[in-house]
Amino acid sequence: MLILAAGVIASAIGVVQVRHEGRQRYIDLRALNAERDELDIEYGRLQLEQATWAEMSRVERVAREELGLVRPDPAQVTVVRR
C-alpha cells in the first residue's frame, strides 16, 4: 500500500511539473510571437525607407546636385559587347 501511495504522489508531482513546463512554454511562445510582430513592423518600415531612398528621381537629383554628375552626350557613349 505504501508503494502505491508513493507512486500516486510521484505521478501527481510529475503532472504538476509537466503542466508548469507547458505554461512556461506558452509564455515563451507569446513573447516570441510579440517579438516577431514587432520585427515584421520594423521590416515594413525599413522596406518603405529603402523604397524612398531608391526612387529614381531622388537618385538623379542627388547625382546632379551633390555629386555634380551630368548625362553624357550620346556621341560620348560607347557600347561594349561581348
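Because the structure is predicted, anything quoted here is derived from the model rather than measured.

Asks: Explain the overall build of the protein chain to me, please; I cannot follow it from the model alone.
Replies: If you tally the helices and strands in the protein chain, you get 2 helices and 0 strands. Taking 2.2 N^0.38 as the reference for a compact globule, 82 residues should give roughly 12 Å; the C-alpha atoms of the protein chain span a radius of gyration of 32 Å, well beyond that estimate. Its C-alpha atoms give the protein chain principal-axis dimensions of about 105 × 35 × 15 Å. A burial count over the protein chain gives 2% of its 82 residues as buried. With the model as given, the accessible surface of the protein chain reaches about 8,200 Å², and the carbon-plus-sulfur share is 61%. Distance from the positive charge centre (12 side chains) to the negative charge centre (13 side chains) of the protein chain: 5 Å.

Asks: Honestly, the pattern of salt bridges in this entry has me stumped. Any pointers?
Replies: Where charged atoms of side chains with opposite charge meet at close range, the side chains can pair. Evaluation of the coordinates by the stated rule reveals 2 salt bridges. For the salt bridge of Arg36 with Asp37, the shortest nitrogen-to-oxygen distance reads 3.0 Å. Residue classification places Arg36 among the partly exposed positions, given a relative accessible area of 44%. For the salt bridge of Arg61 with Glu65, the shortest nitrogen-to-oxygen distance reads 3.7 Å. In this pair, Arg61 and Glu65 are both assigned in helix α2 (residues 56-65), 4 residues apart and thus about one turn of the helix distant. Judged by relative accessible area, Glu65 falls into the exposed class, the value being 57%.

Asks: Help me understand a nonpolar patch on the surface in this model?
Replies: A cluster of nonpolar residues, Met1, Leu4 and Val8, forms a patch on the protein surface that exposes about 390 Å² of accessible area. Within the secondary structure, Val8 sits in helix α1 (residues 2-53).

Reading the values: the criteria
Residues numbered from 1 in each chain as written. Predicted model: local features only at pLDDT ≥ 70, side-chain atom pairs only at ≥ 80, totals over all residues. Heavy atoms only, no water. Helix = DSSP H or I, 4+ residues; strand = E, 2+ residues; numbered from the N terminus. Rg over C-alpha atoms; globule rule 2.2 N^0.38 Å. Buried < 20%, exposed > 50% of the residue type's maximum accessible area, 1.4 Å probe, protein only. Areas by Shrake-Rupley, 256 points an atom, 1.4 Å probe, with all protein chains shown as cover. Lys, Arg positive; Asp, Glu negative; His and termini not counted. Charge placed at Lys NZ, Arg CZ, Asp CG, Glu CD. Salt bridge = Lys/Arg side-chain N within 4 Å of Asp/Glu carboxyl O. Patch = residues over 30% accessible without salt bridge, like charges linked within 9 Å, V, L, I, M, F, W, Y side chains within 5 Å.

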